[in-house]
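Listed here are the chains, written in short residue letters.
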Amino acid sequence: NGGSISISRGTVLEQVTELRDLFPTFLDAAEISIPSYIQLNGSSMLNLLRTPLTQEWRDYIDLEHGICYNVTNHWNALTDGHIKYIFQAYFPDEQLFDLDNDPGEMNNLASDPSLQTELHKWQQRMVTQFEMEKRGSDWVNNGKLMRRVKGQLYSPNYPT
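Because the structure is a prediction, the values reported are computed rather than measured.

Caption draft 1: Quick look at the sheet that holds strand S3 (residues 83-88). Within the open sheet, the four strands sit side by side as S1-S2-S3-S4. Their pairing is antiparallel. The two strands at the open ends of the sheet, each matched to only one other strand, are strand S1 (61-65) and strand S4 (93-98). Between one strand and the next, the sheet's axes are offset by a mean angle of 15 degrees, whatever the strand orientation. Pairing between strand S2 (residues 75-79) and S3: five bridges, direction antiparallel. By the bridge assignment for S3, Leu-78 is matched with Tyr-85. Contacts between helix H3 (residues 116-132) and the sheet are confined to S1, S2, S3 and S4, with S2 contributing the most and set at about 115 degrees to the helix.

Listed below in structure tokens is the structure:
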């Protein structure tokens, strides 16, 4: 709370934000402290405006889509706004997109030999996240992402 905005109007920041950051931002703007017993997954975006170059922020965001259209359509993804990694759980299949050069996600780079180090980095990020969230061996087993042929409801914020 507090602190003045230190960037100019029209400045574009590189940090990735998402819906989970709105509530903490609204509380911050209203100068309402979050009680210590409440744990929020997001952060106030006003911190980025106050000190954009020194503010610690997440390196990427996670996205998740459960089954709702058909049994094969459930996936997990990570993005930093420049690269997007998608793990299609049913098949299992991977996609890797360069969002700077392919914002429409038309060119899957996952099989590009020159990008295998990048692909592995994103695979490991997802493995690490699933392990930290304690999703279990249906999600990660021996450091590998697992094929999931049926939908599994899971969210670290809304456990089943």
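After that view of the structure, there is still more to cover.
Caption draft 2: View of the pattern of salt bridges. Taken as a whole and assessed by the stated rule, the structure comprises eight salt bridges. Residues Lys-84 and Glu-105 are paired through a salt bridge, measuring 3.1 Å at the closest nitrogen-oxygen approach. Here the residue Lys-84 occupies a position in strand S3, and Glu-105 occupies one in the loop between S4 and H3, the gap between them amounting to 21 residues. The structure contains a network of salt bridges with shared partners spanning Glu-18, Arg-20 and Asp-62.

Caption draft 3: Highlighting the environment of Ser-114. Inspection of the secondary structure assignment puts Ser-114 in the loop between S4 and H3. Spatially, the C-alpha atom of Ser-114 lies 48 Å from that of Ala-30, the residues being 84 residues apart in sequence. Polar contacts involving the side chain of Ser-114 include one to the side chain of Asp-112, which spans 2.7 Å.

Conventions and cut-offs
- Every chain is numbered on its own, with residues counted from 1 as its sequence reads.
- With the structure being a predicted model, the display of local features is reserved for residues of pLDDT at least 70 and the display and counting of side-chain atom pairs for 80 or more, all residues being used for whole-chain, interface and lining totals.
- For the side-chain quantities, the full set of heavy atoms in the structure was used; hydrogens and water were omitted.
- A pair of strands counts as paired when DSSP detects no fewer than two bridges linking them.
- Secondary structure elements follow DSSP: runs of H or I no shorter than four residues count as helices, runs of E no shorter than two count as strands, and numbering proceeds from the N terminus.
- For helices, the axis comes from a line fit to the C-alpha atoms of the stretch in contact; other axes are also lines fit to C-alpha atoms, and the angle between any two N-to-C directions lies between 0 and 180 degrees.
- Note on definitions: a residue-residue contact is assigned when non-hydrogen atoms from the two residues lie within 4.5 Å.
- By salt bridge we mean one thing: a side-chain nitrogen of Lys or Arg within 4 Å of a carboxyl oxygen of Asp or Glu.
- What qualifies as a polar contact is a pair of N or O atoms within 3.5 Å, subject to a donor-acceptor requirement within protein and to the restriction that residues adjacent in sequence count only when both atoms come from side chains.

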